[in-house]
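# Breakdown of the fold
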Amino acid sequence: MTRTNKDSLNKNDSRNGVLTHLAIIMDGNGRWAENKNLPRLAGHRAGTENIRSIIEESTKLGIKHLTLFAFSTENWRRPSSEVEGIMNILTNVIKNETPSLHQKGVKISHIGSLDGLSQELKEAILYTTDLTRNNKSLYLNIAFNYGGRTEILEAVKKILADNISVRNLDEKTFASYLDTSGIPDPDLIIRTGGEVRLSNFLIWQSAYSEYYSTTKFWPDFKKRDLRKALATYQQRNRRFGEITTD
Ligand code: FPP
């Protein structure tokens, strides 16, 4: 019998194929557009459209936490027209999608920095995160203006400012200073677009994550591709540094 993520989830044991937290590096929007002789922003728009169905399928598969890498601290180095376009897409998508996501019980959180974002985008993010803060059907984390090294550095600064003693500083305390505080570590990280690297995404949290890379560009990554990634994940033997006894 094929075990579904929902079946596994009831066991609440990531060693048994449970996928509680899925994180996705949505790569390949630009190449998807270039292959079709379209402007790169058309790829970002198609990629954004694709998010809706992946959220739907994730919920159906019993995933509780979904983290999407939308814009890295390094993405500012792109041409200003592309950066501005991505900012506009995010501003519009937050405003347009929030009511239906809220209605579906999705809690939307932002990880990363608000610094450098337009006032309109900042306000949209703050409004949405506040409106949906008590929702529980899916925890959707948008990594926007996010970089793992910056996140770690900021955590260190806050720890020093709080005068946490060396004796009291353990992994749990450290993790509580990260943007992902309270969110379990990702079980699986999917990267579309063919690259096999983390690109500064959740570098602390991914210590024991499984990876899945596909050459499909993000706008072409469909529900069936997500199910395939999950099926692969469920075959993995996660040992967390231990020795298996079975
Ligand atoms: C990666 O493709 C994609 C991005 C850097 C931007 C993705 C941003 C959005 C889709 C905006 C909306 C986000 C949300 C969460 C609603 P790429 O440009 O690196 O593609 P390439 O590798 O082919 O150049």
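The sections below set out a description of the structure shown in this document. (Residues numbered from 1 in each chain as written. Predicted model: local features only at pLDDT ≥ 70, side-chain atom pairs only at ≥ 80, totals over all residues. Heavy atoms only, no water.)

With that settled, consider the packing of aromatic side chains. Overall, the coordinates contain 8 aromatic pairs when judged by the stated rule. Arranged with centres 5.2 Å apart and planes meeting at 85 degrees, the rings of Phe71 and Trp76 form a pair that is edge-to-face. Arranged with centres 6.2 Å apart and planes meeting at 90 degrees, the rings of Tyr146 and Phe201 form a pair that is edge-to-face. Residue Tyr146 is located in strand β4 (residues 138–146), and its partner Phe201 is located in the loop between β5 (188–191) and β6 (210–213); the two are separated by 55 residues in the primary sequence. The class for Tyr146 is buried, based on a relative accessible area of 0%. When its relative accessible area of 0% is taken as the criterion, Phe201 is described as buried. (Phe/Tyr/Trp six-rings, centres within 6.5 Å; stacked < 30°, edge-to-face > 60°. Helix = DSSP H or I, 4+ residues; strand = E, 2+ residues; numbered from the N terminus. Buried < 20%, exposed > 50% of the residue type's maximum accessible area, 1.4 Å probe, protein only.)

Below, the discussion takes up the site of the ligand. Residues in contact with the ligand amount to 18 residues; listed here are only the nearest, Met26, Asp27, Arg31, Arg40 and Arg78. At 3.2 Å, a backbone N or O of Asn29 approaches an oxygen atom of the ligand. Gly30 is positioned such that a nitrogen or oxygen atom in its backbone is 3.0 Å from an oxygen atom of the ligand. If the ligand stood free it would expose 620 Å²; the protein chains cover 92% of that surface. At the level of secondary structure, the elements contributing two or more residues to the shell around the ligand comprise α2 (29–35), α3 (40–60) and α4 (80–103). (Near = heavy atom within 4 Å. Polar contact = N/O pair within 3.5 Å; in protein donor to acceptor, adjacent residues only side chain to side chain. Areas by Shrake-Rupley, 256 points an atom, 1.4 Å probe, with all protein chains shown as cover.)

Take the side chain of Asn200 next. By secondary structure assignment, the location of Asn200 is in the loop between β5 and β6. In this structure the side chain of Asn200 is engaged in a polar contact, spanning 3.3 Å, whose partner is the side chain of Glu74. Here Arg149 takes part through its backbone nitrogen, which lies 2.9 Å from a polar atom of the side chain of Asn200. Look past the residues within four positions of Asn200 in its chain and what remains in contact with it is Thr73, Glu74, Tyr146, Gly147, Gly148 and Arg149. (Contact = heavy atoms within 4.5 Å.)

Here we come to the sheet that holds strand β1 (residues 21–25). The 6 strands lie next to each other as β3-β4-β2-β1-β5-β6, forming an open sheet whose pairing is parallel. The outermost strands of the open sheet, each flanked by one partner alone, are β3 (106–111) and β6. Ignoring which end each strand starts from, the neighbouring axes of this sheet average 20 degrees apart. The pairing of β1 with strand β2 (residues 65–72) spans 5 bridges and is parallel. When the bridges of β2 are listed, Ala23 appears paired with Thr67. (Pairing = 2+ DSSP bridges. Axes fitted to C-alpha atoms, helices over the stretch in contact; angles between N-to-C directions.)

Side-chain pairs of opposite charge can arise whenever the charged atoms involved come near each other. Evaluation of the coordinates by the stated rule reveals 18 salt bridges. A salt bridge links Glu57 to Arg227; the nearest nitrogen and oxygen atoms lie 2.9 Å apart. Placement of Glu57 in helix α3 and of Arg227 in helix α8 (residues 223–235) is noted, with a sequence separation of 170 residues between them. A salt bridge links Arg238 to Asp187; the nearest nitrogen and oxygen atoms lie 3.0 Å apart. Here Arg238 is found in the segment after α8, whereas its partner Asp187 is found in the loop between α7 (171–175) and β5, with 51 residues between them in sequence. Shared partners join several salt bridges into a network, and the residues in it are Glu34, Arg40, Arg78 and Glu82. (Salt bridge = Lys/Arg side-chain N within 4 Å of Asp/Glu carboxyl O.)

Moving on to the environment of Leu198. By secondary structure assignment, the location of Leu198 is in the loop between β5 and β6. Distance in space between the C-alpha atoms of Leu198 and His110 is 19 Å, their sequence separation being 88 residues. Setting aside residues no more than four positions away along its own chain, Leu198 makes contact with Ile25, Ile189, Arg191, Ile203, Ser206 and Tyr211.

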